[in-house]
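Structural features, examined
Single-letter residue listing:
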Amino acid sequence: LGSVENRPLQFAVLRLVHSLAWGLARMLFLLLGSAFLAFFFFLAGRVLLSTLGFRSEPAPGHIEWHMLAGGFLVAVAASLAHFFVRLDSKTSVLALAGLLLALLWIRWADARWLLRTLAHAMRRHPILILAFVLSAVILAFTAARPSKILDSGLYHGQVLQWTETVRLTPGLALLHGRLGFNS
């Protein structure tokens, strides 16, 4: 094992194990982040829809509508905030975590209802839940890989860098038309 001839093989195996462990960690992070955002969007959607007058308990078939409404509310709020401040990742995550805690405090009954509904669905449809978890794992593995899309190198990465570095920049589309989509 300690011979010079086996060192490249040992190094290759260690590199493979390291890359698999790192890929699993990124996949788990993506899954947890997606669950966090779905829960956050549901609670934000409940706030928006109850403000608009839809105060009754949501039906299990309408959970997606609450998540969509919450995603809309968060996107509008982030777009308005971007006029004044930069939206770097760490600050955004901390702000979302703080907002989630506030939403949990305000909408605790809705959070409890959602968790009870999910637990009931998991008991009632175990095969469907297993299929969902498997497809989520496959999707997370796919999302954790390096991007092979040409546009990511051309402007997707630059849009993220501009968003994290400075507040909304007038005239950014003059550099490249695709950089102006969030302006």
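Preceding block: the structure.
Residues numbered from 1 in each chain as written. Predicted model: local features only at pLDDT ≥ 70, side-chain atom pairs only at ≥ 80, totals over all residues. Heavy atoms only, no water.

Attention now moves to a nonpolar patch on the surface. A contiguous nonpolar surface patch, about 630 Å² in accessible area, is contributed by Phe72, Val76, Leu80, Phe83, Phe84 and Val85. Judged by its relative accessible area of 36%, valine 76 falls in the partly exposed class. (Patch = residues over 30% accessible without salt bridge, like charges linked within 9 Å, V, L, I, M, F, W, Y side chains within 5 Å. Areas by Shrake-Rupley, 256 points an atom, 1.4 Å probe, with all protein chains shown as cover. Salt bridge = Lys/Arg side-chain N within 4 Å of Asp/Glu carboxyl O. Buried < 20%, exposed > 50% of the residue type's maximum accessible area, 1.4 Å probe, protein only.)

Across its 20 residues, helix α2 (residues 63-82) extends 28 Å between first and last C-alpha, which sits within 8% of the 28 Å expected from 1.5 Å per residue. Those residues of α2 that fall on the buried side of the exposure criterion are Ile63, His66, Ala69, Gly70, Gly71, Val74 and His82. Tucked into the core, α2 has its buried residues touching α1 (7-51), α4 (108-124) and α6 (150-165). (Helix = DSSP H or I, 4+ residues; strand = E, 2+ residues; numbered from the N terminus. Expected span 1.5 Å × (residues − 1). Contact = heavy atoms within 4.5 Å.)

Before going further, it helps to examine the pattern of salt bridges. In the structure shown here, the tally under the stated rule is two salt bridges. Between arginine 46 and aspartate 110 there is a salt bridge whose closest N-O contact spans 3.2 Å. One end of the pair, arginine 46, is in helix α1; the other, aspartate 110, is in helix α4, and 64 residues separate them in sequence. Exposure class is identical for arginine 46 and aspartate 110. Each is buried. With its nearest N and O atoms 2.6 Å apart, the salt bridge here joins arginine 107 to aspartate 110. Of the residues examined, aspartate 110 reaches a relative accessible area of 9% and is grouped as buried. Counted as one network, the salt bridges with shared partners bring together Arg46, Arg107 and Asp110.

The next subject is the side chain of histidine 66. Looking at the secondary structure, you find histidine 66 in helix α2. One polar contact links the side chain of histidine 66 to the main-chain carbonyl oxygen of histidine 62, over a distance of 2.8 Å. Leave out the neighbours within four places in its chain, and histidine 66 touches Phe41, Phe42, Gly45, Arg46, Leu49 and Pro58. (Polar contact = N/O pair within 3.5 Å; in protein donor to acceptor, adjacent residues only side chain to side chain.)

A separate point is α6. Over its 16 residues, α6 extends 23 Å from the first C-alpha to the last, a length consistent with the 22 Å expected when each residue adds 1.5 Å. Where α6 bends most, the angle comes to about 35°, and this point is histidine 156. (Bend = angle between axes of the 7 residues up to and from the residue.)

Another aspect to go through is the packing of aromatic side chains. Evaluated as defined, the whole model comprises four aromatic pairs. Plain terms: the ring middles of phenylalanine 36 and phenylalanine 40 are 6.4 Å apart, the flat faces sit at 10° to each other, and that makes the pair stacked. Within this pair, phenylalanine 36 and its partner phenylalanine 40 are both found in helix α1, separated by four residues, close to a single helical turn. Given a relative accessible area of 2%, phenylalanine 40 falls into the buried group. An angle of 50° between the planes, with centres 6.2 Å apart, marks the rings of phenylalanine 40 and phenylalanine 41 as tilted. Grouping aromatic residues by their ring pairs yields a cluster made of Phe36, Phe40 and Phe41. (Phe/Tyr/Trp six-rings, centres within 6.5 Å; stacked < 30°, edge-to-face > 60°.)

A word on the side chain of arginine 46. A relative accessible area of 2% places arginine 46 in the buried class. Leaving out residues up to four positions away in the same chain, arginine 46 has contacts with Phe54, Arg55, Ser56, Glu57, Pro58, His66, Arg107 and Asp110.

For the pair α1 and α4, the least separation of the axes is 10 Å and the interaxial angle reads 130°. With respect to α4, the element α1 is oriented oblique. Taken as a pair, α1 and α4 cross one another with a handedness that is right-handed. The segment α1 lies against α4, with Phe39, Phe42, Leu43 and Arg46 engaging Asp110, Ala111, Trp113, Leu114 and Leu115. (Axes fitted to C-alpha atoms, helices over the stretch in contact; angles between N-to-C directions. Parallel < 35°, antiparallel > 145°, perpendicular 65-115°, else oblique. Left-handed = near helix turned anticlockwise from the far one by under 90°.)

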